[in-house]
Amino acid sequence: MLSRQHKLLIMKIASLFSVVRGYNIPVIILAQYLSSIFILAPEKRALDILLDFNLFILVFASSLTIASGYIINNFYDSRKDLINRPNKSMLDRLVSQKTKLNVYFTLNFIVALMAMFVSWRVFLFFSGYIFFIWFYSHKIKKYAIIGNLTAALLAVLPFFAILLYFYTRIPYEEIENYKRQLGVIFSHASFLFLLLLIREMIKDLENLKGDMANDYKTIPIVYGEEIAKKIITVLTILTILPVYALIDIYDVGYMDVYFYSCLIVLIFFLAYLWKSNTKAHFLLLHNTLKFLIVAGVFCIVLINPSVLWHGKKLLMTV
């Protein structure tokens, strides 16, 4: 039998895991590596990408930065979460605010050291990234529109860092040869950005009570729920543009199955959105979008599905 002290320690570890949303970190790492292999640098040997130590540093630093971002976001949202997520909030509060800040600063210090190991440019990027995550959590997220846009942008920035890592090494005279590949990358990024932006707006509808109690100026509070639903509808329709580009203009292999499926799901998503008027309804919509985003990570392999049955060949061939 575990002693009371050991049980408390386990609960505190679970609490910290909940605060940093540790279940998201492996998905973020997987997304960055799959994006590198199949989207950002498909011309490179997969094994070279997996064994690239500088890329590993970038991916690991991104993951730690995102984890620290969850901590500072939790720190500033503690009062709001008592209303919006009482059960999760009670678990998160097993770790003191002081401990959260100590872990936050420790993670950011580690990120700074790792970034300096790669280059001063990487150090500047992560320094700016850490600052903007803090500024978003402290100020920007309380305001309509700009808060939603910033949240979605911060979520895709780690992939932009990896893009720069690969493309700053390409000689200027060869950039012309990568135009089509860049089109695929930015179409993927646009689709992901729109899904993240829609999710942020759904969260505003879901967290309406807590946001009002803490004087947040979100779109549903400032302009009303109907306007928020209209904006979400427009953004959802706009996802057709990057999906069209990826399916009809560029070659994404069998991943077009994923994008067709997304469009079908999003049609039902919109139909349900206009019938939704409770927290439970908006939570279901939120989880639907989260599922599409996570499924999109695993479906990246469909760009070249031979990895599923010829993993070694894919790793070793150029």
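Just so it is clear, the model here is predicted, and its values are computed rather than measured.

Quick look at the overall build of the protein now. In terms of helices and strands, the protein carries 17 helices and zero strands. Counting every position in the protein, which comprises 318 residues, the buried fraction comes to 47%. Once local pairs closer than 6 in sequence are excluded, the contacts in the protein between residues at least 24 apart make up 76%. When the accessible surface of the protein is totalled, it reaches about 17,000 Å², and 69% of it is carbon and sulfur.

Now for the packing of helix 7 (residues 97-118) against helix 8 (residues 120-138). Viewed as axis vectors pointing N to C, helix 7 and helix 8 meet at an angle of 155 degrees, and their least axial separation amounts to 7 Å. Classified by the interaxial angle, the pair formed by helix 7 and helix 8 is roughly antiparallel. Each of Tyr-104, Asn-108, Val-111, Ala-112, Ala-115, Met-116 and Val-118 in helix 7 lies in contact with helix 8, whose residues at this interface are Val-122, Phe-123, Phe-126, Ile-130 and Trp-134. Residue composition of the contact of helix 7 with helix 8, by class: eleven nonpolar, one polar and no charged.

Here we come to the pattern of salt bridges. Throughout the structure, instances matching the rule amount to six salt bridges. Here Arg-45 and Asp-48 are joined by a salt bridge, their closest N and O atoms 2.7 Å apart. The class of Asp-48 is partly exposed, set by a relative accessible area of 41%. Residue Asp-215 is joined to Lys-217 by a salt bridge in which the shortest nitrogen-to-oxygen separation is 3.0 Å. Looking at Lys-217, the relative accessible area reads 36%, which means it is partly exposed. Through salt bridges with shared partners, one network takes in Arg-199, Glu-200 and Lys-203.

Predicted confidence across the protein gives a mean pLDDT of 85, with 90% of residues reaching 70 or more. Here helix 17 (residues 311-316) is the element of the protein with the lowest mean pLDDT, 52, and helix 13 (residues 225-238) is the one with the highest, 95.

Quick notes on the rules
- In this convention, every chain numbers its residues from 1, walking through the sequence in written order.
- Per-residue local features of the predicted model are confined to residues with pLDDT of at least 70, and side-chain atom pairs are confined, for both listing and counting, to 80 or more; whole-chain, interface and lining totals are unaffected and use all residues.
- The basis for every side-chain value is the complete set of heavy atoms in the structure, and neither hydrogens nor water enter the calculation.
- Comment: elements are numbered from the N terminus, with helices defined as DSSP H or I runs of at least four residues and strands as E runs of at least two.
- Only protein chains enter the area calculation, which uses a 1.4 Å probe; residues under 20% of their type maximum are buried, those over 50% are exposed, and those in between are partly exposed.
- Residues are treated as being in contact if the distance between any of their heavy atoms lies within 4.5 Å.
- Surface exposure here means Shrake-Rupley accessible area, sampled with a 1.4 Å probe, where a residue is shielded only by the protein chains that are shown.
- The axes are straight lines fitted to the C-alpha atoms, using for helices just the contacting stretch, and the angles between their N-to-C directions are given from 0 to 180°.
- Comment on the angle field: the value is read as roughly parallel under 35 degrees, roughly antiparallel over 145, roughly perpendicular from 65 to 115, and oblique elsewhere.
- Residue classes follow a fixed rule: Ala, Val, Leu, Ile, Met, Phe, Trp, Tyr, Cys and Pro count as nonpolar, while Asp, Glu, Lys and Arg count as charged, and any other residue, Gly among them, counts as polar.
- Whenever a carboxyl oxygen of Asp or Glu lies within 4 Å of a side-chain nitrogen of Lys or Arg, that contact is scored as a salt bridge.
- pLDDT expresses how confident the predictor is about each individual residue, on a scale running from 0 to 100.

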